[in-house]
Amino acid sequence: MLQPNEFKIYNASAGAGKTYTLVKEYISILLSNPNPFAFESILAITFTNKAANEMKERILGKLADFSKYDYKTNQDLLDLSKELDLEPEIIYK
């Protein structure tokens, strides 16, 4: 988990998966932090409004997917569960 005032910087060319990485990182921070308001202290910077909106939509979409599909078969949820060492059911809830 990132500590206060600790930054991660991702720099890659178009189509390299930056948005995917940022979404995964954002959700990982949320799920590994006991504070339900952790989202208020996360800052992700993009260079266009379009990219910011895409990231927001993907985050909300991924969270919705985690909550509505069977967590035992949702591969993204299972992968994240393994990476964060959290039970899949916790992520689902």
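Notes on the structure in this doc start here. (Residues numbered from 1 in each chain as written. Predicted model: local features only at pLDDT ≥ 70, side-chain atom pairs only at ≥ 80, totals over all residues. Heavy atoms only, no water.)

**Regarding the overall build of the protein**
Looking only at helices and strands, the protein has four helices and zero strands in total. In sequence order, the secondary structure elements of the protein are arranged as α-α-α-α. Against the globule reference of 12 Å for 93 residues, the protein gives a C-alpha radius of gyration of 14 Å, in line with a compact fold. Dimensions along the principal axes, computed over C-alpha positions, put the protein at roughly 35 × 30 × 20 Å. Considering the protein as a whole, with its 93 residues, one finds that 18% of them fall into the buried category. Excluding contacts between residues fewer than 6 apart, the proportion of contacts in the protein whose partners are at least 24 apart in sequence is 45%. About 7200 Å² of surface is accessible on the protein, with carbon and sulfur atoms providing 54% of the total. Charge-centre separation for the protein: the mean point of 11 positive side chains lies 5 Å from the mean point of 13 negative side chains. (Helix = DSSP H or I, 4+ residues; strand = E, 2+ residues; numbered from the N terminus. Rg over C-alpha atoms; globule rule 2.2 N^0.38 Å. Buried < 20%, exposed > 50% of the residue type's maximum accessible area, 1.4 Å probe, protein only. Contact = heavy atoms within 4.5 Å. Areas by Shrake-Rupley, 256 points an atom, 1.4 Å probe, with all protein chains shown as cover. Lys, Arg positive; Asp, Glu negative; His and termini not counted. Charge placed at Lys NZ, Arg CZ, Asp CG, Glu CD.)

**Comments concerning the packing of aromatic side chains**
Under the definition given, this model contains two aromatic pairs. Ring centres 6.3 Å apart and planes at 45° place the aromatic pair Phe-37 and Phe-39 in the tilted group. For Phe-39, a relative accessible area of 38% gives the class partly exposed. (Phe/Tyr/Trp six-rings, centres within 6.5 Å; stacked < 30°, edge-to-face > 60°.)

**Examining helix H1 (residues 18–31)**
Between the first and last C-alpha of H1 there are 20 Å, a value that for 14 residues agrees with the 20 Å anticipated at 1.5 Å per step. For H1, the complete set of buried residues consists of Thr-19, Val-23, Tyr-26, Ile-27, Ser-28 and Ile-29. Structurally, H1 contributes buried residues whose contacts are with helix H2 (49–68) and helix H3 (75–84). (Expected span 1.5 Å × (residues − 1).)

**Some details on the side chain of Ser-28**
As for its placement among the helices and strands, Ser-28 is situated in helix H1. Judged by relative accessible area, which is 8%, Ser-28 ranks as buried. Within polar-contact distance, the side chain of Ser-28 engages the backbone oxygen of Lys-24 at 2.8 Å. Contact partners of Ser-28, with chain neighbours within four places excluded, come to Leu-80, Glu-83 and Leu-84. (Polar contact = N/O pair within 3.5 Å; in protein donor to acceptor, adjacent residues only side chain to side chain.)

**Topic: the nonpolar core**
For soluble globular proteins, the rule of thumb is that nonpolar side chains tend to be buried together. Among the nonpolar cores identified, the biggest contains 10 residues, and these are Val-23, Tyr-26, Ile-27, Met-55, Ile-59, Phe-66, Tyr-71, Leu-77, Leu-80 and Ile-91. Elements that contribute at least two residues to this core include exactly H1, H2 and H3. The contacts of Tyr-26, once residues within four sequence positions are left out, are Phe-39, Ile-42 and Ile-59. (Core = buried A, V, L, I, M, F, W, Y, C linked by side-chain atoms within 4.5 Å.)

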